[in-house]
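Observations on the three-dimensional arrangement
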Amino acid sequence: MIINLAERAHNHNWELDPVIRSLLDTDFYKLLMLQFIWKHFPKTHVEFSLYKRDRAVRVADIVHVEELKVQLQHVRGRRFRKSELVWLAGNTFYGHKGIFEPAFLEWLEKDFRLSDYQLRVRDGQIHLSFEGLWTETTMWELYALAILDELKTRAALKTLSEFGLDILYSKAKTKLWGKIERLRGVPGLSIADFGTRRRHSFLWQEYVVVAMAANLGSSFIGTSNAFFAHKHDLEAIGTNAHEIPMVMAALASDDEALKESQYKVLELWQQTYEGALRVMLPDTFGTTQFLEGAPGWVADWTGQRVDSKDPYVAGDEYIDWLKARRKDPREKLLIASDTVDVDIILGLHAYFAGRIGKGFRPQDFRSSADFYDPNKWINDRRIRFSAGWGTLLTNDFRECDPNDGGRFDPISLICKVSTVEGKPAVKLSDNYAKALGPPAEVERYRHVFGTAGIKNAPVIA
């Protein structure tokens with residue numbers, strides 16, 4: 001059934017319209033990480049905090065705090081449904097059944113709870129944090145971001161008439177269709193939805209996921225959203241994130257242990273998971289230093305996700321690193337996931353999934369037709385390439401507002417671990433602008449890990 005999104009937004013007058021309808025409405029990697037945390041760090045105490053990179057938008061002037069409280073309390077009262085636990089227990093993920101242990105699923109059913117939260121407003125900004133056991137706080141990241149983004153959307157929707165809402169969604173659907181059309185028929189293309197954390201709304205993400213699945217065929221490999229994967233019988237996509245190396249680094253006893261913590265993470269992860277779930281995210285403290293110091297066995301991992309580095313540079317760096325260790329890059333996986341959109345997806349696919357003809361550039365690939373011109377491109381991959389399409393898939397309403405405003409433009413909200421057992425958590429990233437943590441600790445980490453390969457780049461939502 002296709003929902004009339006404009007009519008539903010216009011008739012929005014019920015007492016509670018929950019943003020989070022199910023605890024499964026989260027990125028799949030959060031569930032994998034939750035099991036990892038439950039198994040290895042059940043007593044570790046952490047705090048997660050909300051960060052807003054661009055302070056120009058006064059979120060507290062848009063999102064009503066009391067409405068936010070109601071949504072947060074609603075999530076705290078949710079429990080995993082029997083059918084969802086059965087799906088986690090019996091479904092095949094990445095070719096393996098039984099990824100989730102029976103004892104973990106029993107804990108999810110009987111003992112899993114979300115921590116309390118701390119909420120205040122200062123200078124027009126919302127300050128939100130979650131403190132408690134790591135097992136009680138980690139899942140808040142996605143729930144909190146999805147709630148804030150959708151409440152921002154709802155506030156903007158209320159300013160439009162029913163006709164205005166119809167125009168808004170007509171423009172957004174047309175924009176989405178234009179993107180899908182450019183991707184249809186591209187040989188060997190691999191795309192997944194990574195858009196939960198900054199989506200326009202729950203219903204819009206579902207609309208987008210269904211549209212991608214219906215029109216891109218095998219090129220659409222699945223969604224990171226576990227709820228939509230369950231509901232629409234799609235592949236659940238995801239492995240791990242920056243959170244785990246940040247915590248393990250904060251727990252390190254000295255600078256030597258700090259440097260080694262980024263590899264201890266991988267050791268523990270591969271004790272827990274194997275096969276395609278071994279995709280590393282090496283940029284927490286800088287990709288270049290990570291690869292230079294990595295033990296030999298790291299090259300046996302399935303692949304690498306690129307988050308904060310220029311994906312062309314990061315991909316070439318990874319390919320060269322694999323070759324130096326006598327590994328065939330064509331058998332490895334490179335996932336680009338930071339602010340990708342159609343132009344970037346097509347360019348990266350042309351660059352990594354084949355050979356570009358003399359005189360052409362990645363930017364010259366605008367649709368599937370370009371990939372069938374033998375003068376332009378030869379299907380001979382350098383590495384297996386996949387795109388994790390996030391914000392600009394599920395929240396690209398730029399220039400769709402009939403009032404010519406930017407109220408529907410995405411904003412860069414993140415929710416990251418901020419302290420571990422009372423010690424500050426730090427993320428350096430491959431982009432100086434994305435570093436997190438107290439300045440003194442950031443500088444200490446930079447002294448330990450170095451700054452090789454780290455650049456300054458604009459942060460897009």
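Everything below is about the structure shown above.
Summarised in this report is the structure supplied together with it. (Residues numbered from 1 in each chain as written. Predicted model: local features only at pLDDT ≥ 70, side-chain atom pairs only at ≥ 80, totals over all residues. Heavy atoms only, no water.)

**A look at the sheet that holds strand β15 (residues 423-424)**
- Overall, antiparallel pairing links the five strands, which are arranged β4-β5-β1-β14-β15 in an open sheet. Each having just a single partner strand, β4 (117-122) and β15 make up the two edges of the open sheet.
- For β4 and strand β5 (residues 125-133), the ladder comprises six bridges, and the chain directions are antiparallel. The partner of Y117 across the bridge, within β5, is F130.
- Lying over the sheet, helix α7 (residues 140-157) contacts β1 (45-52), β5 and β14 (413-420), oriented at roughly 145 degrees with respect to β14.
- Strand contacts of helix α11 (residues 243-250): β1, β14 and β15, with the helix running at about 25 degrees to β14, the strand carrying the most contacts. (Pairing = 2+ DSSP bridges. Helix = DSSP H or I, 4+ residues; strand = E, 2+ residues; numbered from the N terminus. Contact = heavy atoms within 4.5 Å. Axes fitted to C-alpha atoms, helices over the stretch in contact; angles between N-to-C directions.)

**Some details on the nonpolar core**
- L88, F100, L108, I126, L128 and W389 are the most contacted members of the largest nonpolar core, which has 135 residues in total.
- When residues in this core are grouped by element, the largest group, 11 residues, is from α7.
- Excluding residues within four positions of it along the chain, L88 makes contact with L24, L31, F93, F100, L105 and L108.
- Grouped together as the second largest cluster of nonpolar side chains are 10 residues, A252, L428, Y445 and V448 included. (Core = buried A, V, L, I, M, F, W, Y, C linked by side-chain atoms within 4.5 Å. Buried < 20%, exposed > 50% of the residue type's maximum accessible area, 1.4 Å probe, protein only.)

**Here we look at the packing of helix α8 (residues 162-183) against helix α15 (residues 342-352)**
- Running from amino to carboxyl end, α8 crosses α15 at an angle of 10 degrees, the nearest separation of the two axes being 10 Å. Taken as axis vectors, α8 and α15 run roughly parallel relative to one another. Contacts from K179, R182 and L183 in α8 reach V342, D343, I345 and L346 in α15.
- When grouped by side-chain class, the residues that make up the contact of α8 with α15 number four nonpolar, no polar and three charged. (Parallel < 35°, antiparallel > 145°, perpendicular 65-115°, else oblique. Nonpolar A, V, L, I, M, F, W, Y, C, P; charged D, E, K, R; others polar.)

**With respect to the side chain of D401**
- Looking at the secondary structure, you find D401 in the loop between α17 (391-394) and β14.
- In terms of polar contacts, D401 uses its side chain to reach the side chain of R407, at 2.9 Å.
- If we skip the residues at most four places from it in the chain, D401 touches L160, L168, K171, R407 and F408. (Polar contact = N/O pair within 3.5 Å; in protein donor to acceptor, adjacent residues only side chain to side chain.)

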